[in-house]
Amino acid sequence: MSNDTIYIERFQNRDETALSKLYDMYSGAIYGVIIRMCRNEEAAQEILQETFMKAWDKSHLYDASKGKFYTWLYRIARNTTLNFLRKDQKLIQTEDLSVYKDAGVEENENLHVELKGALSKLDEHHQTALKLVYFNGLTHKEAHEEMGVPLGTFKSYVRQAVGKLRDIYAKELLVLICILELLT
Amino acid sequence: MKDRNAIIESGMLEMYLLGLIPDKELVTLEKMLAEDEILAQKYAEIEQDFENVSLENAIQPPDFIKEDLFAAIREDYANVRTLPEENASIEKPVKKSQTFMWIAASLAAIFMVSSLWMFTQWDSTKTDLQTTQLELDNIKSQIENLQGELKNSQLLADVIKDPNTLQYALKGNDKIPGGFATAYINHEEKSAIVNVQKLPELSADKTYQMWGDVNGEMISMGVIDKSKDVVVLEYINKATSLNITIEPKGGSAHATVEQLVSNVYL
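Residue positions are counted from 1 within each chain, in the order its sequence is given. Starting at A for chains and at 1 for ligands, labels are handed out in the order in which the entities are written. Where local features are concerned, this predicted model is filtered to residues with pLDDT of at least 70; where side-chain atom pairs are given and counted, the filter is 80 or more; whole-chain, interface and lining totals use all residues.

1. Comments concerning the overall build of chain A
The line we're drawing: Elements are defined by DSSP. Helices are runs of H or I of four residues or more, strands are runs of E of two residues or more, and each kind is numbered from the N terminus. Buried, partly exposed and exposed are defined by the number of other C-beta atoms within 10 Å of a residue's own C-beta, namely 20 or more, between the two limits, and 12 or fewer respectively, with C-beta atoms placed from the backbone.
Helix and strand counts for chain A come out as 9 helices and 0 strands. Evaluated residue by residue, chain A yields a buried proportion of 36% over its 184 residues.

2. A look at the overall build of chain B
Condition: Once C-beta atoms are placed from the backbone, any two residues with those atoms within 7 Å are in contact.
Assigned secondary structure in chain B consists of 6 helices and 8 strands. At a minimum sequence separation of 6, the contacts of chain B that also span at least 24 residues come to 55%.

3. Quick notes on the confidence of the model for chain A
Residue and element names in this part refer to chain A. Cut-off, in case you're wondering: Per residue, pLDDT measures the predictor's confidence, with a range of 0 to 100.
Here chain A averages 85 in pLDDT, and 86% of its residues register 70 or above. When pLDDT is averaged over each element of chain A, helix α3 (residues 41-57) comes out on top at 95 and helix α5 (residues 97-102) at the bottom at 37. Note on residues 95-107: pLDDT under 50 across the span, and 11 contacts to partners over four residues away in sequence or across chains.

4. Some words on the sheet that holds strand β1 (residues 165-171) of chain B
Residue and element names in this part refer to chain B. Just so we agree on the cut-off: Strands are labelled as partners when DSSP assigns at least two bridges between them. Each axis is a line fitted through C-alpha atoms, and for a helix only the stretch in contact is used; angles between axes span 0 to 180 degrees, taken between their N-to-C directions.
The 4 strands are arranged β1-β2-β3-β6 in an open sheet whose pairing can be described as antiparallel. Two strands lie at the open edges of the sheet, namely β1 and β6 (230-233), each paired on one side alone. Across the sheet, the mean angle separating the axes of adjacent strands is 20° when strand polarity is ignored. Pairing of strand β3 (residues 191-198) with β6, which is carried by 4 bridges, proceeds in the antiparallel orientation. Bridge pairing links Ile193 to Val232 in β6.

5. Remarks on the interface of chain B and chain A
Counted only if it meets this: Gly is placed with the polar residues, together with every amino acid not listed as nonpolar (Ala, Val, Leu, Ile, Met, Phe, Trp, Tyr, Cys and Pro) or charged (Asp, Glu, Lys and Arg).
Facing the 40 residues of chain B at the interface are 45 residues of chain A. Examining the composition of the side of chain B that touches chain A, we find that 11 residues originate from one element, helix α4 (residues 37-56) of chain B, more than from any other. Looking at the side of chain B that touches chain A residue by residue, the classes come out as 20 nonpolar, 9 polar and 11 charged.

6. Some points on helix α5 (residues 63-76) of chain B
Heads up, the rule is: Under the convention used throughout, the expected extent of a helix is 1.5 Å for every residue step, that is, one less than its residue count.
With 14 residues, α5 of chain B should reach 20 Å at 1.5 Å per residue; the first-to-last C-alpha distance of 20 Å fits that figure. With 1 of its 14 residues buried, α5 of chain B lies for the most part at the surface.

7. Notes on unusual backbone geometry
Not every positive phi belongs to a glycine, and Arg14 of chain A is a case in point at roughly 60°. Along the chain, Arg14 of chain A falls in the loop between α1 (3-12) and α2 (16-38). Within the chain, Asn215 of chain B stands out as a residue other than glycine whose phi angle is a positive 50°.

8. Quick notes on the confidence of the model for chain B
Residue and element names in this part refer to chain B. The predicted model of chain B averages 83 in pLDDT, with 91% of residues at 70 or higher. The model gives residues 83-92 a pLDDT under 50, and that stretch makes 4 contacts with residues more than four places away or in other chains. Across the interface, the model reports ipTM at 0.84; the global pTM reads 0.55.

9. Regarding the nonpolar core
To keep it simple, the criterion reads: Put simply, a nonpolar core is a cluster of buried Ala, Val, Leu, Ile, Met, Phe, Trp, Tyr and Cys residues tied together by C-beta atoms within 7 Å.
Judged by nonpolar contacts, the single largest core of 59 residues is most densely connected at Ile30, Ile34, Leu73, Ala129 and Val133 of chain A. The dominant element in this core, judged by the number of residues it contributes, is α2 of chain A, at 12 residues. Filtering out sequence-adjacent residues up to four positions away, Ile34 of chain A remains in contact with Ala44, Ile47, Leu48, Ala77 and Thr81 of chain A. In this structure, Leu170, Tyr184, Leu233 and Ala255 of chain B belong to the second largest nonpolar core, which totals 26 residues.

10. Re the sheet that holds strand β8 (residues 260-265) of chain B
Residues and elements named next belong to chain B. Read across the open sheet, the 4 strands follow the order β5-β4-β7-β8; overall the sheet is antiparallel. Lying at the two open borders of the sheet, with one neighbouring strand each, are β5 (217-224) and β8. Going from strand to strand, the sheet's axes swing by 25° on average, the running direction of each strand aside.

11. Here's the deal with the packing of helix α8 (residues 140-147) of chain A against helix α9 (residues 151-183) of chain A
Relative orientation and spacing of two packed helices are given, respectively, by the angle between their axes and the distance between those axes. Residue and element names in this part refer to chain A. The condition that has to hold: With respect to orientation, any angle under 35 degrees is reported as roughly parallel, any angle over 145 as roughly antiparallel, any angle of 65 to 115 as roughly perpendicular, and every other angle as oblique.
Packing of α8 against α9 leaves a shortest axis separation of 9 Å and a crossing angle of 100°. Relative to α9, the element α8 lies roughly perpendicular. Between α8, through His140, Lys141, Ala143, His144 and Met147, and α9, the contact on the second element is made entirely by Leu151, Phe154 and Lys155. Broken down by class, the residue content of the contact of α8 with α9 amounts to 4 nonpolar, 2 polar and 2 charged.

12. Some details on the environment of Lys21 of chain A
Along the chain, Lys21 of chain A falls in helix α2. Separated by 17 residues in the primary sequence, Lys21 of chain A and Asp4 of chain A have C-alpha atoms spaced 9.3 Å apart.

13. What to know about the pairing of strand β4 (residues 206-214) of chain B
Residues and elements named next belong to chain B. Direction of pairing for β4 relative to strand β7 (residues 241-248): antiparallel, over a ladder of 8 bridges. Note that in β7 the partner of Met210 across the bridge is Ile244. Direction of pairing for β4 relative to β5: antiparallel, over a ladder of 7 bridges. Bridging across to β5, Tyr208 finds its partner in Ile224.

14. With respect to the packing of α3 of chain A against α5 of chain B
What counts here: Helix crossings fall into two classes, left-handed where the near helix is turned counterclockwise from the far one by less than a right angle and right-handed where it is turned clockwise.
Taken N-terminus to C-terminus, the directions of α3 of chain A and α5 of chain B make an angle of 40°; their axes are 10 Å apart at the nearest point. Here α3 of chain A lies oblique to α5 of chain B, going by the angle between them. In this structure, α3 of chain A meets α5 of chain B at a crossing whose hand is right-handed. Contact residues: Gln45, Leu48, Gln49, Phe52, Met53 and Trp56 of chain A in α3 of chain A; Ile65, Asp68, Leu69, Ala72 and Ile73 of chain B in α5 of chain B. Here the residues of the contact of α3 of chain A with α5 of chain B are counted per class, giving 8 nonpolar, 2 polar and 1 charged.

Shown next, in the form of structure tokens:
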């Protein structure tokens, strides 16, 4: 049984130490997603806290046989952020900007949210496609309109991008194995 | 229900990961994932890759979020269980984890240094290999040249040794003062060889060409390749003289008699 599995089981038994450990492991990754989705530092901090609160509250609903813990956490973060953005949009639409400002929420376009790692090595259209659905929380329908390409083309972009990510990570793993082989 | 490939190709796995699959399809897809190992493996890979992407793009949140989170949890959930033995173990893992952190950091440092060293070695080996390859190519080319020269020398030696071979000296006229060629004709073997070592070099757009005179008509024996010392030419039956002319590069169909530089009667 891996350390992750032990922590997750303890987390489901409402063990704070396990929560602390899982927070340390995944908060950076989740915060990276949230801040790119809402582009608002203060709101992102609140949403991150809410995400972990929800995960803690609904920990019994996590089923390891259906996927990774991180994916489950990502979906909570995504939905929580989208709910925030919808509410935020409503406030703007009703021009009740005083509430918006009172909440201390200010958009910050200078956040350092450029993409790194394998994703940044993809072709620009592949990068954009994944960014829109994964980091901006758009549905495929919204994203293809945003990119200005037909839905079928957009879906192909996502499929190709996922395939290319697989190639990059598989190559990196192979290089690591070779280096370790040489070192031993 | 779609088959495995159709599911993979349709991008349903990515949509499932993002939580975008409609409820009516969700149950069927989850059932398939539970029953089809290959499909489950494919989904696990996509999950892992997306997790890697997130970790590579992680942004460290401020420390106070974690403090706020625990404060909120303690406030909201009175039933949070913090067992005494786990309390005691909280301190120890911190110390332990610090030790592990140091060990991990040291291992990472060793790994980095050794990787750098290996990279340097690899780079230097690569350069050495390229140099060796160049030298090898050079040697190969020299061997080929030597083999060519040896073949020519052997050919010349064989022709000269043959008692039926007749030797003709072709002295250059005033167009190539000092120029000289030696032709070896064997009427029995019907072979013609010429040593052109002493013919002067021509400009790149010109070449020497040898002709046999048969009843007043110049028949080409071939273009003289000046990169070789000994050139094998076509034997012309019943030729009464051998002639060398200067022709445009590639040779001519008819001899340019004004450019005759040497001739000898057989």
